[in-house]
Amino acid sequence: MDSDLGHRGQETLCEVCTTELDRVAEVGLLSDRELDLLQRPKQKLNINIPVRMDDGSIEVFPSFRIQYNTARGPTKGGIRFHPAVDADEVEELAFLMALKCAVANIPFGGAKGGIQVDPSRLSTGELERLSRAYIREYHQNIGPNTDIPAPDVNTDGQIMAWMRDEYEAIAGRQTPGVITGKPPLLDGSEGREFATSLGGAVVLNEFVRESNMGNHGLDVAIQGFGNVGSYLAKFLHERGYSVVALSNIEGAIYDASGIDVPALFESYEDGDDLFAYGAERITNAELLTLPVDILIPAAIEDQITSDNMEEIQADVVLEMANAPTTSRADAYLNEQGVPVIPDILANAGGVTASYFEWVQNTTNEYWTEEQVRKKLADQLQGAFANLRVIKTESDEERTWREAAYTRAVDSILDAEQLRGNLTRDAP
Ligand code: NAD
């Protein structure tokens, strides 16, 4: 069978997006103007940023900010620091953010930014000067009511703190809502570090309840024990699921009778690695094909492909990573009756918590962790319910991904219509 991965060894996100948009166009009869509007970003910025290095030389770093759609609100999305980041990748990710905000029903359009850099070779001083320079270059195009950046790959709370500080130095006033993912001491939100995982647990619970699977003791395999996978293991264990496999880039552990997740967390805090826990050691590839009820890719993209789709034994896939399933594998699994709960719903807890941070910054009223948890659960239960309505009210069978894309596309296009930018049939 031909590989479904392109020359970069991966399916581009745009291929996934295009396939999905085509499907929505087929079922929803999108006009050419509507498709065109969805396929083109509102604004693409590309600036080469000079930075003075510690040895006195000047290095120039290509950088990007792409604001995809502004119909539903100011744009929002992370800034990644990576040597391979380019305009195409940033555009794809900005589009996914626009969809994710619409699915989560938060009033933002999507954006993404990036700097072509390997941050591991920079000193702390160079990293700070680069982060501040990015804001100096883009400050006229960002702001709490314009475009709100956040952390992404290789960027963190410290970088957001420098960026906020630089923006405020230029603006001449405190503007905490210009950026999210800040440390709590600098007006970041409680709960941000586990919000993506909590959102995933809420969505899975809704799905399980809806499907009458009865969550007690359902077997779960999670690929990735990073920020998302580790908190998710904890939340699912607390909710009565049996987490039987976990992995990191080096391999996986498997215990068919269920991993003692609190004990594993304790040993992690003591500095042990995943494999010191004492369960059977298997590979990441084996984890993906375990006979479990729920498979959760929570590591990187393109993990379920035409190479392994026929061996997947799980009854349900919950996509916590971005784009872990190629479109060919997604179609195959759905044909086999294996629902795939798509990334733009499953991992929308992160951007939802970012929205909460922005709300707190702009109202100057701060919430407790309990309030954040409750609001996050309400928001994602609402998002799930919206997709369920689309699925149940459609004449034809729709996958969860089709329902999510339909919801997002309709929401964006209806907003465009209300603004007078589009004429479409009454929704
Ligand atoms: P992370 O870097 O904290 O953890 C990634 C985990 O995946 C680690 O355990 C790592 O060892 C493992 N991993 C890396 N490469 C691997 C490989 N080739 N094979 C198997 N395992 C591998 O990242 P994270 O923040 O947990 O994010 C995980 C995924 O979730 C990413 O796709 C990310 O884009 C997506 N996501 C994260 C958030 C968030 O809030 N952190 C929000 C939305 C989506």
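Before going into details, it helps to say that this report is about the structure given with it. Because the structure is predicted, anything quoted here is derived from the model rather than measured.

Next up on the list: the environment of Arg424. Here Arg424 lies in the segment after helix H14 (400–418). In this structure, the C-alpha to C-alpha distance between Arg424 and Leu38, residues 386 residues apart in sequence, is 14 Å. If we skip the residues at most four places from it in the chain, Arg424 touches Leu30, Glu34, Asp410, Leu413, Asp414 and Gln417.

This part covers the pattern of salt bridges. Enumeration over the complete set of coordinates arrives at 24 salt bridges. Linking Glu369 and Arg373 is a salt bridge whose minimum nitrogen-to-oxygen distance equals 3.2 Å. One end of the pair, Glu369, and the other, Arg373, are both in helix H13 (residues 369–393), four residues apart, so they sit about a helical turn from each other. By relative accessible area, which is 30% here, Glu369 ends up partly exposed. Judged by its relative accessible area of 25%, Arg373 is partly exposed. Here Asp378 ties to Lys374 by a salt bridge, and the two come within 2.8 Å at their closest N and O atoms. Placement of both Asp378 and Lys374 in helix H13 is noted, with a separation of four residues, approximately one turn of the helix. A network of salt bridges, in which partner residues are shared, links Glu128, Arg132, Arg136, Asp165 and Glu166.

The subject of this paragraph is the sheet that holds strand E5 (residues 147–151). Two strands in a sheet stick together by hydrogen bonds in their backbones, pointing the same way (parallel) or opposite ways (antiparallel). Across the sheet, five strands lie side by side as E1-E2-E4-E3-E5; this open sheet has mixed pairing. Every interior strand has two partners, whereas the edge strands, strand E1 (43–52) and E5, have only one. Across the sheet, the mean angle from the axis of one strand to that of its neighbour is 20°, orientation sign disregarded. Here E1 pairs with strand E2 (residues 58–67) via 10 bridges, running antiparallel. Looking across to E2, one finds that Asn48 is bridged to Pro62. Packing of helix H4 (residues 124–138) onto the sheet brings it into contact with E1, E2, strand E3 (75–81) and strand E4 (109–115), and relative to E1 it is tilted by some 140°.

Once that is clear, we can look at the side chain of Thr399. Summarising the element assignment, Thr399 is placed in the loop between H13 and H14. In this structure the side chain of Thr399 is engaged in a polar contact, spanning 2.9 Å, whose partner is the backbone nitrogen of Glu402. Apart from residues lying up to four places away in sequence, Thr399 is in contact with Asn334 and Lys391.

Rules used throughout
Residues numbered from 1 in each chain as written. Predicted model: local features only at pLDDT ≥ 70, side-chain atom pairs only at ≥ 80, totals over all residues. Heavy atoms only, no water. Helix = DSSP H or I, 4+ residues; strand = E, 2+ residues; numbered from the N terminus. Contact = heavy atoms within 4.5 Å. Salt bridge = Lys/Arg side-chain N within 4 Å of Asp/Glu carboxyl O. Buried < 20%, exposed > 50% of the residue type's maximum accessible area, 1.4 Å probe, protein only. Pairing = 2+ DSSP bridges. Axes fitted to C-alpha atoms, helices over the stretch in contact; angles between N-to-C directions. Polar contact = N/O pair within 3.5 Å; in protein donor to acceptor, adjacent residues only side chain to side chain.

In short, geometric facts, not functional conclusions.
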